[in-house]
Every structure is written in structure tokens, then in C-alpha cells.
Amino acid sequence: MKQSQTESDFFGDFAESWWDDDSAMKGLTSFQRPRFEYFDRFVKDWSGKKVLDVGCGGGFTTEFLAGRGAVVSGMDPSARLVAAARAHAEATGKAIDYAVGRAEKLPYPDAAFDVVTCVDVLEHVDDPALAVREIARVLRPGGIFCYDTINRTLMARIVMIWIPEYLTGMVARGTHHHHQFIKPAELRRHLDAAGLTPLAKQRGLTILGKRRDGNLLMFTTPDLSSTYIGAAVRS
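Residues numbered from 1 in each chain as written. Predicted model: local features only at pLDDT ≥ 70, side-chain atom pairs only at ≥ 80, totals over all residues. Heavy atoms only, no water.

Student: Give me the lowdown on helix H2 (residues 32-39), citing residues and values where you can.
Tutor: Burial runs high along H2: 6 of the 8 residues are buried. Along H2, the positions that sit buried rather than exposed are Gln32, Pro34, Arg35, Phe36, Tyr38 and Phe39. (Buried < 20%, exposed > 50% of the residue type's maximum accessible area, 1.4 Å probe, protein only. Helix = DSSP H or I, 4+ residues; strand = E, 2+ residues; numbered from the N terminus.)

Student: Let's hear about the pattern of salt bridges: which residues, and what values?
Tutor: Tallying each qualifying case throughout the model produces 9 salt bridges. In this structure, Glu37 engages Arg33 in a salt bridge whose closest nitrogen and oxygen atoms are separated by 3.2 Å. With a gap of 4 residues between them, Glu37 and Arg33 both fall in helix H2, about one helical turn apart. The class for Glu37 is partly exposed, based on a relative accessible area of 46%. Counted as one network, the salt bridges with shared partners bring together Asp110, Glu134 and Arg137. (Salt bridge = Lys/Arg side-chain N within 4 Å of Asp/Glu carboxyl O.)

Student: Tell me about the environment of Val82, and please be specific about residues and values.
Tutor: Relative to the helices and strands, Val82 resides in helix H4 (residues 79-91). Put simply, Val82 and Ala99 are 17 residues apart on the chain and 6.8 Å apart in space, counted from C-alpha to C-alpha. Apart from the residues lying within four places of it in its own chain, the contact partners of Val82 are Gly57, Asp76, Tyr98, Ala99 and Val100. (Contact = heavy atoms within 4.5 Å.)

Student: Could you give an account of the packing of aromatic side chains, naming the residues involved and the relevant values?
Tutor: With the rule as written, the count across this model stands at 7 aromatic pairs. Ring centres 6.1 Å apart and planes at 75° place the aromatic pair Tyr38 and Phe39 in the edge-to-face group. Summarising the burial analysis for this pair, Tyr38 and Phe39 share the class buried. Plain terms: the ring middles of Phe145 and Tyr147 are 5.2 Å apart, the flat faces sit at 35° to each other, and that makes the pair tilted. Under the relative-accessibility criterion, Phe145 is labelled buried at 0%. Overall, Tyr147 belongs to the buried group, its relative accessible area being 1%. Pairwise contacts between aromatic rings join Phe36, Tyr38, Phe39, Phe42, Trp46 and Phe64 into one cluster. (Phe/Tyr/Trp six-rings, centres within 6.5 Å; stacked < 30°, edge-to-face > 60°.)

Student: Report on H4, specifying residues and quantitative values.
Tutor: The terminal C-alpha atoms of H4 lie 18 Å apart, and with 13 residues this matches the ideal 18 Å at 1.5 Å per residue to within 8%. Gly93 sits one or two positions beyond H4 and adopts a positive phi of about 70°. (Expected span 1.5 Å × (residues − 1).)

Student: Now, about the pairing of strand E5 (residues 139-150): what can you tell me, with residues and values included?
Tutor: For E5, a buried count of 9 out of 12 residues is recorded, marking the element as mostly surrounded by other parts of the structure. Sheet analysis places strand E4 (residues 113-119) next to E5, joined by 6 bridges and oriented parallel. If you follow Val116 over to E5, its bridge partner there is Phe145. For the segment spanning E4, helix H5 (residues 128-138) and E5, crossover handedness is right-handed. Sheet analysis places E5 next to strand E9 (residues 227-234), joined by 7 bridges and oriented antiparallel. By the bridge assignment, Thr149 is partnered in E9 with Tyr228. (Pairing = 2+ DSSP bridges. Right-handed = clockwise from strand over helix to strand, strands pointing away.)

Read these as layout, nothing more, since geometry by itself doesn't imply function.
Written as C-alpha cells, this is what we have:
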């Protein structure tokens, strides 16, 4: 799911337990509902769409997309996570094409995909501007880029690092680093430089707490001070 070598090693340590009921990564699945309520505004029907999930980790989003009828490819820099994702897809009968690679140099030809998803990833790559350019390259003209990432604010440090990693332990320590967070204006510049046009205003994703089943309670908001979500189209 993550891009720099040290971070791919960090997340690779969770590969064997990725799909366990008590996985330290389980909270990531809570983002699917609010994310796709937003993304569905721009991708009306995922069935048959060729979709690449950049930074797929152990396969949470790729399997979610496959369940919606998309023709899915997943890529991650961690060979251990790709192996875990591939094994789980095979065990559950899902046809997903997985590859090891980096967001800054995607192992796919130009204009290969209808949609690229990149969720909880851009704040981990070494060069987010280059990653966005690569995503634009592999999108067909008119293709949609769906993303979320984290704002570089004090609020984000509190909400995304201090509380989940140190106070409650909901997220493994070391998952996020504040200096890698990306301000919305910075990301808009990356999109513009890559020839990607925003489709709507970015929206915030707010975490209210944790349910008894371990899932996070979340909703979208106009507040972009922590996690935010957006979509753009390739010209």
C-alpha cells in the first residue's frame, strides 16, 4: 500500500495478518463506504471498468472493486503484501491482476485504465507529484482519478497520528508521518501539472470513533483539515 522502501517494509510486516479479524490494518476497510459514496458521483457504473488500485496493500480496495464488477489490477511496492493480496483473491475466487511496483514508475502502458484509485497512499510516496503524473499517464483520455490523502495540519497530526497511534492504539505506530502529509493546494498543483482536472470540490473524511465491531465511524464533511478526498479527469 505504501511506496517508499522503508514504508513498504513497515506495511509488509502486516502481510500475514492483513485479512485476520483482529488485523491492525482492519480499520482501513471502514473508509470504503464514505470513499465510494463520493467516488460513485463520478464513476456511475464500475462494472466492466478497467481499474488500477495504486498502493493496493493486501487487497482491501481491489477486492471491494472486484465485488462491484470492475476489471481490477492492483500494484504495491511490497512483494509480501502483493503475495498476501494474490493469495486471498485466489482463495476467495476473485480474478485480480497483481503486480509489484512503485507509484512513481507504474509498470503499465499509457492509457491502460478507465479509472485509477489511490487511497491512503499519496502521503507515503517519496515524490507525490511524480506519482500523480504517472497516474495520469496510465489513464485513458476521459479517465477518472479517485484519491484520498491527509492534510499537513496540526489537526491531522492529532487526529491521524496522536489519537489513533498513541492514545487509542487503533492504528499501528509508525503508520503515518506528518511531514509527508499533503496540503490540498499542493495536490491541486500536482493535478494541474499532470493534466488532470478536478471534477468537484474536495471533501473531508472525519473519524468520529470506533464501533464495537472494530470498524470506524466516519462521514464526509466540508472540513479538509485532516483526511480529504477528491476526483479528477484526464483531459
